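If you want the building blocks of each chain, they are given just below.
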Amino acid sequence: MKSAVETLNPTRVRLTVEVPFEELKASLDAAYKKINQQVTVKGFRKGKIPARVIDQRFGRGAVLEEAVNDALPKFYTEAVNEAELNPLGQPEVDITELKDGELLAFTAEVDVRPEIEIPDFSGIEVEVDAVEVTDEDVEKSVEQLRSRFASTKDVERAAAEGDVVTIDLEAKVEGEVLPDGVASDVSYTIGSGELLDGIDEAVKGLEAGGEATFTSQLKGGSAEGKDAEVTVKVSKVSARELPELDDEFAQMASEFDTLEELKADSRKRLENMKQYDQATQAQERVLEKLLELVEVPIPEKLLEDEINTRKHNLEHHQLGQMGLTLEKYLEFQGKTVEEFDAETKEQAVKGIKTQFVLDALVNKEKLGVNQEELTEHLMRRAASSGMSPDQFAQAVVEGGQVPMLVGEVARGKALAVVVEAAKVVDTNGEVIDLSDEDEDAAEAAAETVEAAVEGDEAK
């Protein structure tokens, strides 16, 4: 076999392959055997029909077609390996010559990964938010914990902000009560924003037995998006009673003996959260700077497929689970179809570019992935998918997605290398050292990379 490569553009090549006919022998034998099993000829047992008889009865062309279809993938793969190409997607194959007994010649056009030169990234500098936990932050955290231990007490007065009311609802559209527009004994905290727009104003000031009517746009159900006349009747008003903020509360709500110990722990937790957010912010901004340094040609077909995949996943998975159509989603977002298409393309380009650049860095730095790293990543992905680690691992193996997970971990390690080399400064001018922030730096970076690559729309 002879092969040659012609570069059509930075992301597409044409392979020209010539195969001497003797190299087709195995495929020809397989073709005769396959046809033998599929046809019957009077006077011959099934599977024992001579090749010359098959040629006479069914045509040599049918045999050649079967043999070529069998042989092409093998010769294409050999040509790709010989040229050391990294193909993307399926090739467009054209048989240019087929001479029985002499030669098979074909061309194959395919998109390939572009060759990427990774520049010196040690000069990257980014600014991130400073880690600052105020007394107000601590008080807010403790108040949130306190509210979880609140009790309610029925009161004989008008409902006010923060009260819990028990209500009956009836929604009408164009004067007709909706089949799914009636609800009884609904518990609602005034000001929580968990029900219909306008309900807070309607129930404030009502006592038990009070009733009000208001207009609200329905966000779900059979009349989604329509304005409804909603009647709300209050059957009970309850005031929320918060426990006293003292040592007794600390002992009830936590493992600490004093309120001061509880507050100190809350401060430490908030600091850890803000440090994690700061590290994530650094990773995102370093990645942006790295991508700005590298010119990456994007294969047109790959980009088209990526855009279509993103649109399909958004419309049929994310929005489907939320009970939204793409049209309604865009309406809520205040976006036109053109704006949505432009954003989707921009995110797809960024996702592809991120993969190409970090994969090139993985190769340059010779970064490997060990079993412990892969297992840790698998367990995190399992948790985010809602599956058990065993279920997720089985699905990954059965779906042939192990290389994909290995790639995710490796890209995370590559980004961690860049972050370690970059200069990260907070808004106070303090230099932040993220080189050994924690043992899971690469895994945290993998999450940042996934977000950039996947670019989830519905948030």
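All of these numbers come straight from a predicted model, not from anything done at the bench. (Residues numbered from 1 in each chain as written. Predicted model: local features only at pLDDT ≥ 70, side-chain atom pairs only at ≥ 80, totals over all residues. Heavy atoms only, no water.)

Caption draft 1: Main features of the environment of Val417. In this fold, Val417 is placed in helix α13 (residues 402–421). Residue class for Val417 comes out partly exposed when judged on its relative accessible area of 25%. When the C-alpha atoms of Val417 and Leu367 are compared, they prove to be 9.8 Å apart, with 50 residues separating the residues in sequence. Look past the residues within four positions of Val417 in its chain and what remains in contact with it is Phe121, Glu365 and Leu367. (Helix = DSSP H or I, 4+ residues; strand = E, 2+ residues; numbered from the N terminus. Buried < 20%, exposed > 50% of the residue type's maximum accessible area, 1.4 Å probe, protein only. Contact = heavy atoms within 4.5 Å.)

Caption draft 2: Just the sheet that holds strand β3 (residues 87–99), in detail. Strand order in the open sheet formed by four strands is β1-β2-β4-β3, with antiparallel pairing between adjacent strands. Two strands in the sheet have a free side with no partner beyond their single neighbour: β1 (2–9) and β3. Put simply, the sheet's adjacent strands are angled 20° from each other on average, direction ignored. Here strand β2 (residues 12–20) runs beside strand β4 (residues 103–112); their pairing, made up of nine bridges, is antiparallel. Paired with Val17 across the strands is Phe106, a residue of β4. (Pairing = 2+ DSSP bridges. Axes fitted to C-alpha atoms, helices over the stretch in contact; angles between N-to-C directions.)

Caption draft 3: Representation of the pairing of β3 within the structure. When β3 meets β4, the two strands line up antiparallel, connected through nine bridges. What sits directly across from Pro87, in β4, is Val112. Counting the residues between successive antiparallel strands, the hairpin from β3 to β4 contains three residues, one of them, Gly101, with a positive phi of roughly 85°.

Caption draft 4: The UniProt feature "domain: PPIase FKBP-type" (unreviewed entry) in the chain, seen in detail. This chain's UniProt record puts "domain: PPIase FKBP-type" (unreviewed entry) on residues 162–215. Counting secondary structure, residues 162–215 comes out at 9% helix and 54% strand; the distance between its end C-alpha atoms is 22 Å. (UniProt positions renumbered as here; feature names shortened; annotations may be inferred.)

Caption draft 5: Representation of the pattern of salt bridges within the structure. Applying the stated criterion across every chain yields a total of 28 salt bridges. The salt bridge involving Asp305 is made with Lys301; its shortest N-O contact spans 3.0 Å. Highlighted residues: Asp305 and Lys301, both in helix α8 (residues 300–322), separated by four residues, approximately one helical turn. For Asp305, a relative accessible area of 32% gives the class partly exposed. The exposure class assigned to Lys301 is partly exposed, which follows from its relative accessible area of 45%. A salt bridge links Asp359 to Arg411; the nearest nitrogen and oxygen atoms lie 2.8 Å apart. Separated by 52 residues along the polypeptide, Asp359 in helix α10 (residues 337–365) and Arg411 in helix α13 bring together distant segments of the chain. Each member of the pair, Asp359 together with Arg411, is buried. The network of salt bridges with shared partners includes Glu6, Arg12, Arg14, Glu92, Glu109 and Asp111. (Salt bridge = Lys/Arg side-chain N within 4 Å of Asp/Glu carboxyl O.)

Caption draft 6: Inspection of the nonpolar core at higher detail. In this structure, Ile124, Val286, Leu358 and Leu415 are the most contacted members of the largest nonpolar core, which totals 39 residues. Of all the secondary structure elements, the ones that give two or more residues to this core are β5 (125–128), α7 (259–293), α8, α10, α13 and α14 (441–454). Sort the elements by how many residues they give to this core and α10 lands first, with eight residues. Apart from the residues lying within four places of it in its own chain, the contact partners of Ile124 are Val286, Lys289, Leu290, Leu293, Val418, Ala422 and Lys423. In this structure, Ile54, Leu64, Ala71 and Val80 belong to the second largest nonpolar core, which totals 31 residues. (Core = buried A, V, L, I, M, F, W, Y, C linked by side-chain atoms within 4.5 Å.)

Caption draft 7: Looking closely at the packing of aromatic side chains. Tallied over the entire structure, the rule returns one aromatic pair. With centroids separated by 6.1 Å and ring planes inclined at 90°, the aromatic side chains of Phe149 and Phe249 adopt a geometry described as edge-to-face. Separated by 100 residues along the polypeptide, Phe149 in the loop between α4 (135–148) and β6 (151–154) and Phe249 in helix α6 (residues 247–253) bring together distant segments of the chain. When its relative accessible area of 31% is taken as the criterion, Phe149 is described as partly exposed. (Phe/Tyr/Trp six-rings, centres within 6.5 Å; stacked < 30°, edge-to-face > 60°.)

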